[in-house]
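Per-entry structural report
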Amino acid sequence: MRDTASISVLHDIGKSLDNNRQVDVLYLDFSKAFDSVDHDILLQKLQIHGINGSLLRWFESYLNDRQQRVVIEGAASSWSAVTSGVPQGSILGPLLFVIFINDLPDNVSSSTNSALYADDAKLYSETRSVDNCQSLQENLTMLEKWSTKSRMKFNTGKCKVLTVTRKRKPIEFPYRMYGNELSSCKAEKFLASCI
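Keep in mind that what you see is a predicted model, and the values were worked out from it rather than measured. (Residues numbered from 1 in each chain as written. Predicted model: local features only at pLDDT ≥ 70, side-chain atom pairs only at ≥ 80, totals over all residues. Heavy atoms only, no water.)

Okay, the nonpolar core next. Within the largest apolar cluster, 37 residues are counted, with the highest numbers of intra-cluster contacts made by L28, F30, L42, L46 and L96. Per-domain counts for this core show at least three residues from each of domain 1 (1-35 + 99-185) and domain 2 (39-83). Setting aside anything within four residues of it in sequence, one finds L42 in contact with V37, L63, V86, L96, I99 and F100. Within the second largest apolar cluster, 10 residues are counted, among which are V9, V25, A115 and C185. (Core = buried A, V, L, I, M, F, W, Y, C linked by side-chain atoms within 4.5 Å. Buried < 20%, exposed > 50% of the residue type's maximum accessible area, 1.4 Å probe, protein only. Domains from an automatic or database assignment. Contact = heavy atoms within 4.5 Å.)

Okay, here's the thing in structure tokens:
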């Protein structure tokens with residue numbers, strides 16, 4: 001089944017290609033996404049969405065005082081406190097994660113498009129000049145600030161740049177995150193991950 005965010009991204013890219021324009025897509029990956037959700041920040045975001053009183057206290061109880069250990073071939077580690085993250089394998093885990101990252105697009109200007117899906121995000125825009133690239137870079141920098149404030153880093157090793165164009169000489173730009181230049185990826189691999 002295809003998700004609507006990916007279909008929207010592919011539609012936007014197709015329209016730009018029809019007009020013989022280049023699109024730069026920044027494919028972003030959260031580092032240890034579900035494990036990195038800060039409980040205090042999540043509870044604040046739940047309040048912003050109108051969850052208060054006993055329901056907020058229920059979520060706080062649900063998130064806090066959890067412990068985990070590792071068992072390998074019958075040998076178990078000692079228990080350790082879980083101080084961040086949303087419970088994986090639960091019904092609420094993905095919902096709480098989506099609520100946590102839902103304000104990410106608010107940090108992107110109207111000149112740049114964004115799409116969220118699970119623990120991935122995409123920034124993309126038409127690239128007609130280096131100025132467009134610099135604007136996309138500024139939005140990427142804004143997401144860096146969002147990630148610092150949210151205590152959730154992007155994994156720059158998995159973040160990629162995709163240039164989609166029919167032009168023989170595309171505009172190239174060294175997009176950077178946390179001081180590291182993002183590597184480029186092949187269109188086939190990116191499009192397959194969208195569908």
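Moving on, there is more to tell.
Time to look at the packing of aromatic side chains. All told, the structure shown has seven aromatic pairs when counted by the stated rule. Ring geometry for W58 against F59: centres 5.1 Å apart, planes inclined by 85°, an arrangement best described as edge-to-face. The class for W58 is partly exposed, based on a relative accessible area of 44%. Taken together, the aromatic side chains of F30, F34, F97, W146 and F154 make up a single cluster linked through ring pairs. Over the ring of F100 we find K45, and its NZ or CZ is 4.3 Å from the ring centre. (Phe/Tyr/Trp six-rings, centres within 6.5 Å; stacked < 30°, edge-to-face > 60°. Lys NZ or Arg CZ within 6 Å of the ring centre and 35° of its normal.)

Here we take up the sheet that holds strand β1 (residues 22-29). Ordered by their spatial adjacency, five strands build an open sheet running β6-β7-β1-β8-β11, and the pairing between neighbours is mixed. If you trace the sheet from one side to the other, it starts and ends with β6 (113-117) and β11 (183-184), each paired once. Relative to strand β7 (residues 120-127), β6 is paired through five bridges, and the arrangement is antiparallel. Looking across to β7, one finds that Y117 is bridged to D120. (Pairing = 2+ DSSP bridges. Helix = DSSP H or I, 4+ residues; strand = E, 2+ residues; numbered from the N terminus.)

Phi at N20 is positive, roughly 55°, even though this residue is not glycine. Residue position: N20 is located in the loop between α1 (4-18) and β1. We classify N20 as partly exposed; its relative accessible area is 46%. The phi angle at Y178 is positive, at roughly 50°, despite the residue not being glycine. If you trace the backbone, Y178 turns up in the loop between β9 (176-177) and β10 (180-181).

To continue, consider the packing of helix α2 (residues 39-48) against helix α4 (residues 92-101). α4 packs onto α2 with a crossing angle of 80° between their chain directions and a minimal axis gap of 9 Å. With respect to α4, the axis of α2 lies roughly perpendicular. In this structure, α2 uses I41, L42, K45 and L46 to contact α4, whose residues at the interface are L96, I99 and F100. Taken together, the residues that form the contact of α2 with α4 break down as six nonpolar, no polar and one charged. (Axes fitted to C-alpha atoms, helices over the stretch in contact; angles between N-to-C directions. Parallel < 35°, antiparallel > 145°, perpendicular 65-115°, else oblique. Nonpolar A, V, L, I, M, F, W, Y, C, P; charged D, E, K, R; others polar.)

Bringing the pattern of salt bridges into the picture now. Applying the stated criterion to the full structure yields five salt bridges. Linking D38 and R151 is a salt bridge whose minimum nitrogen-to-oxygen distance equals 2.8 Å. Here D38, found in the loop between β1 and α2, pairs with R151, found in the loop between α5 (130-150) and β8 (160-164); they are 113 residues apart in sequence, far enough to count as distant. What makes D38 buried here is its relative accessible area of 14%. Exposure remark for R151: the relative accessible area of 55% places this residue in the exposed category. Measuring nitrogen to oxygen at the nearest pair gives 3.1 Å for the salt bridge that ties E126 to R128. Given a relative accessible area of 26%, E126 falls into the partly exposed group. One network of salt bridges, in which partners are shared, links R21, E126 and R128. (Salt bridge = Lys/Arg side-chain N within 4 Å of Asp/Glu carboxyl O.)

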